[in-house]
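Topology and contacts: notes
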Amino acid sequence: MKDGCKFTRREAVQGIVGMAAAAMLPGGASAEVRQKRAITWPSPADSNRAQPFNDHWRFHRGDAPGAEAAEFDDSAWRTLDVPHDWSIEDRTDATNEGAGSEWGTGTSPTRIGPFDIYASEGQGATGWTVGGVGWYRKTFDQPQLTPNGKAEVRFEGVYMNSDVWLNGTHLGNHPYGYTEFAYDVTSALKDGKNTLAVRINNFGRNSRWYSGSGIFRKVWLSMAGEFRIPAYGVYVTTPEVRKDAATVNVDVTVENGSAAAKRANLHVRLVEADESVAGETQAAVAVPAGSRAESTCVLHIANPHLWSPADPHLYRVEVAIEANGLIADSTSLPIGVRKVEIDAVQGLRVNGESIKLRGGCVHHDNGPLGSACLPRAEERRVEILKANDYNAIRTSHNPPSPDFLDACDRLGMLVIDEAFDCWEGEGKNPQDFHLYFKDWWQRDLESMVLRDRNHPCVVLWSIGNEIPERAEPQGVETGTALAALVHKLDPTRKVTAAIPAPFDHPKQTWQDMQPAFTYLDVGGYNYQWEQYASDHLKYPERVMVGTESFPNQAFQNWQAIERDSWVIGDFVWTAIDYLGESGIGHASIRNGPGADSFSEPYPWFNSYCGDIDLIGNKKPQSYFRDVVWRRSPIEIAVQRPLPNGFKESVSLWGWSDELRSWTWPGLEGTTMNVRVYSRGDQVKLLLNGKELGSKNLTNEDALKAEFAVPYAPGELRAVAYQNGNEIGSAVFASAGKAHKLILVPDRSKLKASRDDLSYIMVSIVDEEGRLIPDAVVPVSFTIDGAAEIAAVGNANPKDVASFRQPRRNTFHGTCLVVIRPTGESGSIELRADSPGLEGATVQLQTA
């Protein structure tokens, strides 16, 4: 079959259909072009008519009656760029001194930096931060539009309940904080200056985690002519994929904004990274006045370079509309050529290769930056997880930013793209999305699927998480409707949802949850790995995935996944520490009986349940996962000693208070609990070259051996064996006294762009350069050059302090400073100092 296009007309202007049916052009002309026409292709930058609309906004925290009016005086308001999150910023009525530092009082005040236990409506769920009302205004010159053209302002995400005005004209309201939305502003524009105003009302208890507040994702202004490709107007699928050949279908919607029918040529091509053309085709299209037409163009590619997690190769699809010898409109987008198959017999395959999902759940915040979705921050999270052998992320519990998915495409990270945390029947908070679900679910679900369906990283759609009515008749009806809409918009992917045990229905059993699986293609199991085998006997065709699991059950979960083809992977709660759900990953000590709590009180403000901490470093449980996933043959951890008469109590999402350290000054002679993790069948422990003992390991030991060792400084070494042969070793060496600071940037050369960042890790080391594993010291920062300090932070889940002031305490010997370019080229110098220690500087460059 040769390359070509088929088209169909539509009178309706709303929505996008799937595959276009064959049709005939007016006058009997076939959809195939009689004669190929060459065009001069615009550059990818010129093809994307949407322009960034992110700089020079005016912002006011609090209400401002009348601020929707164009003539409103906002000269006293702060000027800033978006993405922006006001909830992570210091409150003007709060102290900005760090608790427990040389600048602080040694206590945890109730109002500090962004934290306020009295003003925070979300309380510990949202990390004791404050939402409320905020206003943004942007004044801009009228964009140039051709006759019958269209101007549109598009918001990637605003949390939440936003109202938008242009020149005093109300454009609309959008309740949900995580879906993209747009307004046609053509008729509201005026000559000269125009003012866009946005009021945001993040009120009440509306989230179970830190949401942030504001225009926390990007904004775009797009201008198009009368003959145009609308938003989401290109849909790419790969129905046939082999190593030697692939078929790429490009569905294109063309919109005619004029009062007369229009004819044009549609050009489509597939471009390689080296700018060579892998395939191209063209066709004639005819669009009635004020209507749309869709065309399906088919490209056949020989020897395609396939996209996979191991080799995330991206092509670029380019589409252009040619009318009267000119390019009327064009667009381009990256795509991956890949084939995803899922069934209970062979599990998940990508391009025919079996893959088990080594997954983690990830919330949307960027730690010390709050919820602001800066492209480099989004990319760094994916990079860190990829470096730790994750190959999959579940976007809990909402659609992520486009930049996050772009990073997953580039880096080869598979994604479960999730829509909602609640439906209509029953909310989880009084003011959460259940209030709006009935009126908005179709629009929000369409927004997610239409925006994200061209991303090769997305392998599953999730329509909900732990929905209270999931197995009730009303919930089954709702779930069926959601799944049907997803399948209509994207027939190429399967649908899942996260189904837990009936913790919220105490009189019910797991069997009572089974109706929730009737509307799913893949059953999502939250914390239910023990049900995999028995459910397979009852439902042998069901594909299962562990949509959430406890960190301390990583070995048991992975055993089941490796054993059973119908279980395609596991997603730990969570991959990365996040703000809010304060202290659910705690480990506490007690000297008597008592029930463990779900979360911890103030000053705990972050979850502390991640494999990776809030500033991007591995925690002890991540090293255990390295052993589970066979990345490392052996790891060591040392439990912090407990006071006499006390016991450690670890939450379901927590981990024992372990350190990767053999530096315990003042505890000489104290018996330490040393844990050795290995898949070997035997481990030995040595201290300063002397063998302390050995232990055999079986599956019943869950990869762990424990030794009681009196502390003495020096070298602690563990060795793993399999069948008598050494397979690996791990060593801890005692550090000396704190001597100096060292600064390690993740990148020293930056783009002269507000989208870029450098994450600089600060470490306290001894004279030999060894990390002081438990050092808590104050560090202050000064910066000079073409950048600013965007944020500071550490991994301590209860060190309430400002994320914006140029100082921070270390935790476990480290802290972080995030540098953001001002947008100009030049050099940058950052200096870090701490009383009594040798300071450090680092040089960066923007270009």
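Residues numbered from 1 in each chain as written. Predicted model: local features only at pLDDT ≥ 70, side-chain atom pairs only at ≥ 80, totals over all residues. Heavy atoms only, no water.

Some details on helix α3 (residues 402-411)
Structural remark: α-helix, 3.6 residues per turn; residues separated by three or four positions point the same way. In terms of burial, α3 is largely enclosed, as seven of its 10 residues are buried. Within α3, burial applies to P402, D403, F404, L405, A407, C408 and D409. Where α3 is buried, its residues touch α2 (375-387), β26 (392-395), β27 (414-418), α4 (437-452) and β28 (458-465). Phi turns positive one or two residues past the end of α3, at G412, with a value near 80 degrees. (Buried < 20%, exposed > 50% of the residue type's maximum accessible area, 1.4 Å probe, protein only. Helix = DSSP H or I, 4+ residues; strand = E, 2+ residues; numbered from the N terminus. Contact = heavy atoms within 4.5 Å.)

Some remarks on the confidence of the model for the protein chain
Note that predicted coordinates carrying low pLDDT should not be read in detail. In this model, the protein chain carries a mean pLDDT of 93, and residues with pLDDT of at least 70 account for 93%. Confidence drops under a pLDDT of 50 for residues 9-35, and excluding neighbours within four residues, the segment shows 75 contacts in the predicted structure. (pLDDT = per-residue confidence, 0-100.)

What about the layout of surface pockets?
Size it by volume and the second largest pocket reaches roughly 1,200 Å³. Surrounding the second largest pocket, 44 residues form its lining, Y608, E658, L659, F811 and H812 being those nearest its centre. For the lining of the second largest pocket, the secondary structure elements donating two or more residues are β33 (587-590), α8 (620-628), β36 (658-659), β42 (725-733) and β45 (758-765). When its residues are assigned to classes, the lining of the second largest pocket shows 21 nonpolar, 12 polar and 11 charged. (1 Å grid on protein atoms, 1.4 Å probe; cavity = no way out; pocket = protein on both sides within 12 Å on 5 of 7 lines; lining within 4 Å. Points joined across faces, edges and corners; volume = space filled by probe spheres on them. Nonpolar A, V, L, I, M, F, W, Y, C, P; charged D, E, K, R; others polar.)

Concerning the packing of aromatic side chains
For the coordinates displayed, the defined rule picks out 41 aromatic pairs. Both rings, one in W662 and one in Y711, keep their centres 5.0 Å apart while their planes meet at 65 degrees; by these two values the pair is edge-to-face. Of this pair, W662 sits in the loop between β36 and β37 (671-678) while Y711 sits in the loop between β40 (704-710) and β41 (715-722), and the two are 49 residues apart along the sequence. No difference in accessibility class separates W662 from Y711, as the two residues are buried. (Phe/Tyr/Trp six-rings, centres within 6.5 Å; stacked < 30°, edge-to-face > 60°.)

Side note on the nonpolar core
Ranked by size, the top nonpolar core spans 99 residues in total, and within it L385, F420, L445, I463 and I568 carry the most contacts. Not counting chain neighbours up to four residues away, the residues in contact with I463 comprise A419, F420, W423, G479, L482, A483, V486, V495, T496, A497, Y519 and L520. (Core = buried A, V, L, I, M, F, W, Y, C linked by side-chain atoms within 4.5 Å.)

Topic: the state of the cysteines
In the structure shown here, the tally under the stated rule is zero disulfides. We note that C609 lacks a disulfide partner, and the nearest cysteine sulfur, in C361, lies 9.4 Å from it. With a relative accessible area of 0%, C609 lands in the buried category. (Disulfide = S-S within 2.5 Å.)

Some details on the pattern of salt bridges
Tallied over the entire structure, the rule returns 56 salt bridges. In this structure, D55 engages K138 in a salt bridge whose closest nitrogen and oxygen atoms are separated by 3.5 Å. Of the two residues, D55 sits in the loop between β2 (50-52) and β3 (57-61) while K138 sits in strand β7 (residues 132-141), which places them 83 residues apart along the sequence. The exposure class of D55 is partly exposed, given its relative accessible area of 37%. Accessibility expressed as a relative area gives 6% for K138, which makes it buried. (Salt bridge = Lys/Arg side-chain N within 4 Å of Asp/Glu carboxyl O.)

Focus: α4
The complete set of buried residues in α4 reads F437, W440, W441, D444, L445, S447, M448, V449, L450, R451 and D452. If you follow the buried residues of α4, they end up packed against β10 (169-174), α3, β27, β28 and α5 (473-489).

Concerning the side chain of T126
Topologically, T126 is positioned in the loop between β6 (115-116) and β7. Assessed through its relative accessible area of 10%, T126 is described here as buried. Among all residues touching T126, those that are not within four sequence positions of it are S120, S207, W209, Y210 and G580.

So, the pairing of strand β16 (residues 245-256)
Two faces belong to every sheet, and in a regular strand the side chains alternate between them. For β16, a buried count of 11 out of 12 residues is recorded, marking the element as mostly surrounded by other parts of the structure. When strand β14 (residues 227-228) meets β16, the two strands line up antiparallel, connected through two bridges. Paired with R228 across the two strands is E255, which belongs to β16. In this structure, strand β15 (residues 234-241) lies alongside β16, joined through six bridges in antiparallel fashion. Residue pairing in the sheet places E240 in a bridge with T247 of β16. Where β15 folds back onto β16 in an antiparallel hairpin, the turn is made up of three residues. Of the pairings in the sheet, the one linking β16 to strand β19 (residues 292-302) comprises 11 bridges and is antiparallel in character. Looking across to β19, one finds that D251 is bridged to T296. (Pairing = 2+ DSSP bridges.)

Some remarks on the sheet that holds strand β21 (residues 326-335)
In space, the four strands of this open sheet follow the order β18-β17-β20-β21, with antiparallel pairing throughout. Of all the strands in the sheet, just β18 (277-287) and β21 have a single pairing partner and so form its edges. On average, each strand axis in the sheet is inclined to that of its neighbour by 15 degrees, with strand direction left out of account. Of the strand pairs in this sheet, strand β17 (residues 262-271) and β18 are connected by 10 bridges, and their pairing is antiparallel. Across the sheet, L266 pairs through a bridge with A283, a residue of β18. (Axes fitted to C-alpha atoms, helices over the stretch in contact; angles between N-to-C directions.)

Quick notes on empty space enclosed by the protein
Under the definition given, this model contains five cavities of 30 Å³ or more. Each pocket or cavity is described by its volume, and for the largest cavity that value is around 200 Å³. Y176, N206, W209, D432 and F433 are, among the 18 residues lining the largest cavity, the residues nearest its centre. The class makeup of the residues in the lining of the largest cavity is nine nonpolar, five polar and four charged. A volume near 130 Å³ is recorded for the second largest cavity. Along the walls of the second largest cavity sit 17 residues, with N366, R380, R381, I576 and L614 positioned nearest its centre. Broken down by element, the lining of the second largest cavity gets its largest block of residues, four residues, from α2. Here the residues of the lining of the second largest cavity sort into nine nonpolar, three polar and five charged.

As for the sheet that holds strand β23 (residues 347-350)
With respect to topology, three strands assemble into an open sheet ordered β22-β23-β24, the strand pairing being antiparallel. Every other strand in the sheet has two partners, leaving β22 (340-343) and β24 (353-354) as the edge strands with one partner each. The pairing of β22 with β23 spans four bridges and is antiparallel. What sits directly across from D343, in β23, is G347.

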